[in-house]
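Next come the chains, spelled out residue by residue.
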Amino acid sequence: MKKRSVILMAVMLMVMLAGILPAQQSRQVFVRDVLDSPQKYYNLTVQITGEVTRVVTPQTPSDRGYYELLDNSDKTIRVVANTLPAPQTQVTVVGIVQISPSNQEAYIREANRFGDVPQPGAGTTLPPPQEKPDYLMYALIGLIAVIVVVLLAVLLRKPAGAPQAAQVAPTTIPPMEPSVAAPSPVQSAKATKQVSTHEVNQAVGGLRTKAVPDPLAQIVVLVGPNQGKGYPLGYETTLGRVTGDIILEDESVSRKHARIVFAKRTYTVENLSQTNPVIVNSQRIESSKELSDGDEIICGTVKLQFKLL
């Protein structure tokens, strides 16, 4: 039992070490790469260096402003930020790639920004700023590596003077007991009693059945949390970020966003959100819409697909 606990602890620490290393690095990419393959970079942290060409301030306090960034690939991408830089400045942006539900274009949600230096004259470029090394994180990684090595050393060490395995005594096979004659068919018939289905149901607590729609259907996540996972649909299935039968943990999804209802051998999707739309095959749904096999449903930035089974 002790050996199993040591192995389990070592595996957990190695998994932690493997998860910390890639999380600390952001990918240096070009705007063209993100725009050409938005699904590849969706929800990934990227780093882009370029010039601020346009700044749009928020119209209301609840809105967030954005600016457009032009890099060396001659492509421009929209960056949503809480604080906006000045136009014609050279910045390095670290942020998460998102996809707009209205036009399916990629944009960046800013997490950090470096630079904000005015753009120099023509022919001059500024190198991207160098991030300071995270010494505390490196120390934590080193500590975890040392603990893993020590645990493996303790596990693999053989104790000195370990006693040899005791010899196994030969097994004695007891003599066979005389076989008992099988009961005759007449005796078996007397010992057997036929019972009804009602008596069987009472003995096991009654039959428990649950009606399911016909035909069966499911929704599969194409873009968003749990990508590739399928969720079976019942007679009434609610989708939402906080409450519902299917939870879509994405900040663009409303608490209670949509509902899929099965009636008269037909599945229908209904919009329950007053702020975020439900889009079926690029068409915004105000109240409800009948679904067909293969239809694409968008809730916020999460893309789903309706499939008949």
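Below or above, wherever it landed, is the structure these notes cover. It should be emphasised that the depicted structure is a prediction, and the values quoted were computed from it without experimental measurement.

1. Overview of the pattern of salt bridges
One pass over the full model with this rule turns up seven salt bridges. With a shortest N-O distance of 3.3 Å, glutamate 68 and arginine 54 are connected by a salt bridge. With glutamate 68 in strand 3 (residues 66–70) and arginine 54 in strand 2 (residues 45–56), this pair connects stretches of sequence that are 14 residues apart. A salt bridge links arginine 259 to glutamate 236; the nearest nitrogen and oxygen atoms lie 4.0 Å apart. With arginine 259 in strand 11 (residues 258–263) and glutamate 236 in strand 9 (residues 236–240), this pair connects stretches of sequence that are 23 residues apart. With relative accessibility at 22%, the residue arginine 259 sits in the partly exposed group.

2. Regarding the sheet that holds strand 14 (residues 283–285)
Strand order in the open sheet formed by six strands is 8-7-17-16-13-14, and the pairing between neighbours is antiparallel. The strands lining the two open edges of the sheet, one partner per strand, are strand 8 (230–232) and strand 14. Each neighbouring strand pair of the sheet contributes to a mean axis angle of 30°, computed without reference to strand direction. Here three bridges tie strand 7 (residues 217–223) to strand 8, and the two strands are oriented antiparallel to one another. Note that in strand 8 the partner of isoleucine 219 across the bridge is tyrosine 231.

3. Focus on a nonpolar patch on the surface
Together, Leu140, Leu143 and Ile147 line one region of the surface with nonpolar side chains, adding up to about 240 Å² of accessible area. Of note, isoleucine 147 is situated in helix 4 (residues 135–156). A relative accessible area of 35% places isoleucine 147 in the partly exposed class.

4. Observations concerning the nonpolar core
If you look at the biggest cluster of nonpolar residues, it comprises 23 residues, and the most contacted ones within it are Ile219, Ile260 and Ile297. Where this core is concerned, the elements lending two or more residues are strand 7, strand 11, strand 12 (266–271), strand 13 (278–280), strand 16 (296–299) and strand 17 (302–308). Contacts of isoleucine 219, omitting those with residues within four sequence positions, involve Lys229, Gly230, Tyr231, Leu233, Leu239, Ile246, Ile260, Leu304, Gln305 and Phe306. Listed in part, the 17 residues of the second largest apolar core include Val34, Tyr67, Ala106 and Ile108.

5. Quick word on the packing of aromatic side chains
Within a pair of aromatic rings, the relevant descriptors are the distance that separates the centres and the angle that separates the planes. Per the stated rule, a full pass over the model turns up three aromatic pairs. With centroids separated by 5.6 Å and ring planes inclined at 75°, the aromatic side chains of tyrosine 235 and phenylalanine 262 adopt a geometry described as edge-to-face. Within this pair, whereas tyrosine 235 is found in the loop between strand 8 and strand 9, its partner phenylalanine 262 is found in strand 11, the two being separated by 27 residues in sequence. Of the residues examined, phenylalanine 262 reaches a relative accessible area of 9% and is grouped as buried.

6. Examining the sheet that holds strand 12
Pairing within the open sheet is mixed, and its five strands lie in the order 10-9-11-12-15. The sheet is open, and its two borders are formed by strand 10 (246–247) and strand 15 (288–290), each paired with just one other strand. In terms of strand pairing, strand 12 meets strand 15 through three bridges, oriented antiparallel. Each residue of the ladder has a partner; that of valine 269, found in strand 15, is lysine 289.

7. Observations regarding the pairing of strand 2
Here strand 1 (residues 27–28) pairs with strand 2 via two bridges, running parallel. Bridge pairing links arginine 27 to valine 46 in strand 2. Relative to strand 5 (residues 89–99), strand 2 is paired through seven bridges, and the arrangement is antiparallel. What sits directly across from glycine 50, in strand 5, is valine 91. Across five bridges, the pairing between strand 2 and strand 3 is antiparallel. Within strand 3, the residue paired with valine 55 across the bridge is tyrosine 67.

8. Concerning unusual backbone geometry
The step from aspartate 214 to proline 215 runs through a cis peptide bond, and the omega angle for that step is 10°. Tracing the chain through its elements places proline 215 in the loop between helix 6 (197–203) and strand 7. Despite not being glycine, asparagine 43 shows a phi value in the positive range, around 65°. By the element assignment, asparagine 43 lies in the loop between helix 3 (38–41) and strand 2. Of note in this structure, serine 282 is not a glycine but carries a positive phi near 70°. Tracing the backbone shows serine 282 in the loop between strand 13 and strand 14.

9. Examining the environment of glutamine 227
By secondary structure assignment, the location of glutamine 227 is in the loop between strand 7 and strand 8. With 75 residues separating them in the primary sequence, glutamine 227 and valine 302 have C-alpha atoms 9.3 Å apart. Apart from residues no more than four positions distant in its own chain, glutamine 227 is found in contact with Val221 and Leu222. One polar contact links the side chain of glutamine 227 to the main-chain carbonyl oxygen of leucine 222, over a distance of 2.9 Å.

What counts and what doesn't
Residues numbered from 1 in each chain as written. Predicted model: local features only at pLDDT ≥ 70, side-chain atom pairs only at ≥ 80, totals over all residues. Heavy atoms only, no water. Salt bridge = Lys/Arg side-chain N within 4 Å of Asp/Glu carboxyl O. Helix = DSSP H or I, 4+ residues; strand = E, 2+ residues; numbered from the N terminus. Buried < 20%, exposed > 50% of the residue type's maximum accessible area, 1.4 Å probe, protein only. Pairing = 2+ DSSP bridges. Axes fitted to C-alpha atoms, helices over the stretch in contact; angles between N-to-C directions. Patch = residues over 30% accessible without salt bridge, like charges linked within 9 Å, V, L, I, M, F, W, Y side chains within 5 Å. Areas by Shrake-Rupley, 256 points an atom, 1.4 Å probe, with all protein chains shown as cover. Core = buried A, V, L, I, M, F, W, Y, C linked by side-chain atoms within 4.5 Å. Contact = heavy atoms within 4.5 Å. Phe/Tyr/Trp six-rings, centres within 6.5 Å; stacked < 30°, edge-to-face > 60°. Polar contact = N/O pair within 3.5 Å; in protein donor to acceptor, adjacent residues only side chain to side chain.

Any link to function would need more than the numbers given here.
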